[in-house]
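# Close look at the chain arrangement
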Amino acid sequence: MTERLRSREGVRGAYSTWEGGQDNPLEGRSPALVVAAYGGKCKGMVERSNNPEDKVRKLQRSLWVCAKRSKSRRFHALYDRIYRSDVLWEAWKRVRTNRGAAGVDQETLEVIEKKGVEEFLKGIQDTLSQGRYRPQPVRRCHIPKADGKRRPLGIPTVRDRVVQMAAKIVVEPIFEADFLNVSYGFRPKRNATQALEAIRKAGNRGHNFVVDADIRSYFEKIDQEKLMSVVGKRISDRRVLKLIKQWLKAGVMEDGTVRESLAGTPQGGVISPLLSNVYLHAFDQAWEEDNRSLGVLVRYADDFVVMCQRQSQAREAHRRIEGVLKGLGLELNTEKTRLVNLGRGKEGFVFLGCTVRKRRSIQRNPRLHFMQRRPSPKAMKKIRERVRQWTGVRGNRTTNIQEMVKGLNPILRGWGNYFRTGNADREFNKMDRYVWTRLLRWQKRRGGQRSRIHFGQDSPDCLYGMGLHRLQGKTVYPAQAKPVRPSLSRVRENRMHGLKGGLWKPGLN
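About the criteria used
Residues numbered from 1 in each chain as written. Predicted model: local features only at pLDDT ≥ 70, side-chain atom pairs only at ≥ 80, totals over all residues. Heavy atoms only, no water. Helix = DSSP H or I, 4+ residues; strand = E, 2+ residues; numbered from the N terminus. Buried < 20%, exposed > 50% of the residue type's maximum accessible area, 1.4 Å probe, protein only. Axes fitted to C-alpha atoms, helices over the stretch in contact; angles between N-to-C directions. Parallel < 35°, antiparallel > 145°, perpendicular 65-115°, else oblique. Left-handed = near helix turned anticlockwise from the far one by under 90°. Contact = heavy atoms within 4.5 Å. Nonpolar A, V, L, I, M, F, W, Y, C, P; charged D, E, K, R; others polar. Polar contact = N/O pair within 3.5 Å; in protein donor to acceptor, adjacent residues only side chain to side chain. Pairing = 2+ DSSP bridges. Core = buried A, V, L, I, M, F, W, Y, C linked by side-chain atoms within 4.5 Å. Phe/Tyr/Trp six-rings, centres within 6.5 Å; stacked < 30°, edge-to-face > 60°. pLDDT = per-residue confidence, 0-100. Salt bridge = Lys/Arg side-chain N within 4 Å of Asp/Glu carboxyl O. Expected span 1.5 Å × (residues − 1). Bend = angle between axes of the 7 residues up to and from the residue.

So, about the overall build of the chain. Counting its secondary structure elements, the chain contains 18 helices and eleven strands. For the chain, the proportion of its 509 residues judged to be buried stands at 46%.

All right, on to the packing of helix α13 (residues 272-290) against helix α14 (residues 311-327) then. Across the interface, α13 lies against α14 with an axial gap of 10 Å and an inter-helix angle of 140°. In terms of orientation, α13 and α14 fall into the oblique class. For the pair α13 and α14, the sense of crossing is right-handed. Contact residues: α13 offers Phe-283, Ala-286, Trp-287 and Asp-290, while α14 offers Ala-317, Arg-320, Ile-321, Val-324 and Leu-325. Residue composition of the contact of α13 with α14, by class: seven nonpolar, no polar and two charged.

In this section: the side chain of Asp-237. Along the chain, Asp-237 turns up in the loop between α11 (224-232) and α12 (238-248). Here Asp-237 falls in the buried class, since its relative accessible area comes to 5%. Engagement of the side chain of Asp-237 in a polar contact is seen with the backbone nitrogen of Tyr-79, the distance being 3.0 Å. Setting aside residues up to four positions removed in sequence, Asp-237 forms contacts with Phe-75, His-76, Ala-77, Leu-78 and Tyr-79.

This part takes up the sheet that holds strand β7 (residues 303-308). Pairing between the strands of a sheet is mediated by backbone hydrogen bonds and can be parallel or antiparallel. Strand order in this open sheet of four strands is β6-β7-β3-β8, and the pairing throughout is antiparallel. Lying at the two open borders of the sheet, with one neighbouring strand each, are β6 (296-300) and β8 (338-341). Across this sheet, the average inter-strand angle for adjacent strands is 20°, counted without regard to direction. Note that β6 and β7 share five bridges and pair antiparallel. When the bridges of β7 are listed, Arg-299 appears paired with Phe-304. Its contacts with the sheet place α13 against β6 and β7, and it is angled at close to 175° to β6. Seen against the sheet, α14 touches β3 (209-214), β7 and β8 and runs at an angle of roughly 145° to β7.

Here we come to unusual backbone geometry. Residue Ser-217 is not a glycine yet carries a positive backbone phi of 45°. Among the structural elements, Ser-217 can be located in the loop between β3 and α10 (218-221). For Ser-217, a relative accessible area of 36% puts it in the partly exposed group. Although it is not a glycine, Ala-301 sits at a positive phi angle of roughly 60°. Here Ala-301 lies in the loop between β6 and β7.

Turning our eyes to something else, we now look at the nonpolar core. Considering soluble globular proteins, one finds that nonpolar side chains tend to be buried as a cluster. In terms of nonpolar packing, the biggest core is built from 76 residues, with Trp-92, Val-162, Val-231, Phe-304, Val-306 and Ile-321 touching the most fellow members. In terms of residues, this core owes the most to one element, helix α8 (residues 158-176), which gives eleven residues. Phe-304 has contacts with Val-211, Asp-212, Ala-213, Ile-215, Phe-283, Leu-297, Val-298, Arg-299, Ile-321, Leu-325, Leu-332 and Phe-351, leaving out every residue within four places of it along the chain. In this structure, Ala-301, Val-340, Phe-349 and Met-431 belong to the second largest nonpolar core, which totals 44 residues.

With that out of the way, let us pick up the packing of aromatic side chains. Applying the stated criterion to the full structure yields eight aromatic pairs. The interplanar angle of 50° and the centroid separation of 5.6 Å between the aromatic rings of Trp-415 and Phe-428 together place this pair among those described as tilted. Highlighted residues: Trp-415 in helix α16 (residues 401-419) and Phe-428 in helix α17 (residues 425-445), separated in sequence by 13 residues. Taken as a pair, Trp-415 and Phe-428 share a single burial class, namely buried. Pairwise contacts between aromatic rings join Trp-415, Tyr-418, Phe-419 and Phe-428 into one cluster.

It is worth spelling out the confidence of the model for the chain at this point. Chain-level pLDDT for the chain is 82 on average; 78% of the residues reach the 70-or-more range. Counted against residues more than four places away or in other chains, residues 25-48, with its pLDDT under 50, gives 33 contacts.

The next point concerns the environment of Ser-293. Its location among the elements puts Ser-293 in the loop between α13 and β6. The class for Ser-293 is exposed, based on a relative accessible area of 63%. Between the C-alpha atoms of Ser-293 and Gln-313, which are 20 residues apart in sequence, the distance is 8.9 Å.

Counted according to the given criterion, the structure contains 20 salt bridges. Between Arg-84 and Asp-86 there is a salt bridge, with the nearest N and O atoms lying 2.7 Å from each other. Since its relative accessible area comes to 9%, Asp-86 is described here as buried. Asp-237 is the partner of Arg-239 in a salt bridge, and the nearest nitrogen-oxygen pair spans 4.0 Å.

What follows deals with α8. Across its 19 residues, α8 extends 25 Å between first and last C-alpha, which sits within 8% of the 27 Å expected from 1.5 Å per residue. Along α8, the sharpest change in direction is near 35° and occurs at Val-170; proline Pro-173 comes one to four residues later. Most of α8 is tucked away: 18 of the 19 residues are buried.

Here we come to α16. The end-to-end C-alpha distance of α16 is 27 Å, a good match for the 27 Å that 19 residues give at a rise of 1.5 Å each. The largest bend in α16 is about 30°, located at Leu-408, with the proline Pro-410 one to four residues further on. Residue Asn-400 occupies the N-cap position of α16, its side-chain oxygen lying 2.9 Å from the main-chain nitrogen of Gln-402.

This is the structure:
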């Protein structure tokens with residue numbers, strides 16, 4: 001009996017390989033094979049960790065494995081895990097890392113740290129365990145968009161963000177076991193670069209006709225009743241369902257007035273991205289089951305494209321997309337949705353801040369066009385505005401060039417890390433020159449340092465010597481769809497030329 005229990009513990013540890021939605025290759029295998037594959041032993045004690053982060057990770061793995069084994073299982077005992085001390089502490093660390101402003105109660109992260117984080121989390125734990133938790137309305141603010149409109153953003157209180165993060169930690173593995181590989185947004189171990197790579201590979205395989213789609217006011221048009229129905233297919237714990245419904249119905253405070261939320265999810269909430277993926281999972285399923293033959297779907301949250309091989313397929317895909325979204329109570333934005341022809345570099349489209357287009361490659365094959373991506377004009381304009389704002393004499397009162405460089409580095413490094421996997425060499429060089437020009441202008445207009453540092457022909461090296469982040473040379477090309485054609489010279493090997501040339505001498509072959 002003891003050996004059987006130990007064998008079960010070994011299997012449970014071997015199955016703890018939740019990789020953010022990826023299938024477990026050892027699922028369904030015999031216990032002995034599973035334990036042997038992981039180098040474990042059927043006999044012997046399983047090591048246990050007292051690290052709260054490891055315990056939270058183990059809980060997530062267990063939930064993911066159970067959800068992966070049975071697609072129809074409904075989980076009924078989750079609420080008590082949300083207010084576990086280790087889960088709440090992990091939720092606080094993630095909220096603290098994400099920073100964010102205060103909600104309607106004007107309580108910031110710094111204020112909570114001064115009062116005591118342990119006492120703050122203990123209060124949340126007691127409130128949840130006693131069933132007295134009630135979320136507060138979200139604070140509404142607006143972010144300007146490039147087209148002149150404003151994007152509504154809801155900011156929950158810090159307490160509500162911690163509770164939402166704890167609920168997300170517990171609930172996310174269950175739905176992650178169901179999500180398909182076509183979805184890349186706001187998922188563990190998935191990012192925008194992977195979505196762009198999927199587009200590049202599909203384009204190089206001949207999918208030249210693209211349906212560049214955009215859902216109109218997605219977060220505001222989500223049907224809350226349909227959303228709760230979808231969530232209820234996996235979760236039967238009434239207290240967890242009540243908790244999610246309370247966040248949806250919490251309301252929005254704007255200009256001192258609280259409005260009730262009848263539809264949508266608060267864009268800006270911690271759990272909103274997960275709920276949006278849960279709601280659009282039906283769209284992913286409908287496409288993969290019934291419409292996959294038309295083209296390749298790549299979705300990042302509410303932005304998605306469908307890449308087809310023929311124009312007729314793209315038109316039919318556009319028609320079916322409208323039908324599927326209509327069943328979810330959504331509609332396409334006709335102003336932003338369009339059909340794009342990538343063949344021979346005719347057109348391009350913007351996706352996740354990158355301009356995607358086909359271009360010729362001299363090294364690989366000059367007769368063919370390959371997918372390339374680079375920062376879009378909007379992304380270039382945005383980074384220039386941030387640099388101009390930081391290097392402005394009125395916007396920055398520092399008189400030390402080293403402090404100016406220190407403040408610029410996080411801006412340039414973050415922007416460069418996002419766009420470096422692609423073909424952004426030209427844009428990176430432009431930004432390096434722009435940054436140097438702005439610093440030169442700042443130095444000329446800022447008094448007190450003109451006699452110490454003189455900008456001349458060697459000024460870029462001087463700035464980079466101070467630690468200024470250089471974008472040039474940071475491009476990392478992704479895995480190529482086809483091996484690079486070797487650059488062999490066509491000139492006879494009898495004189496100095498090319499890469500493999502040399503001076504011909506008698507007697508040498």
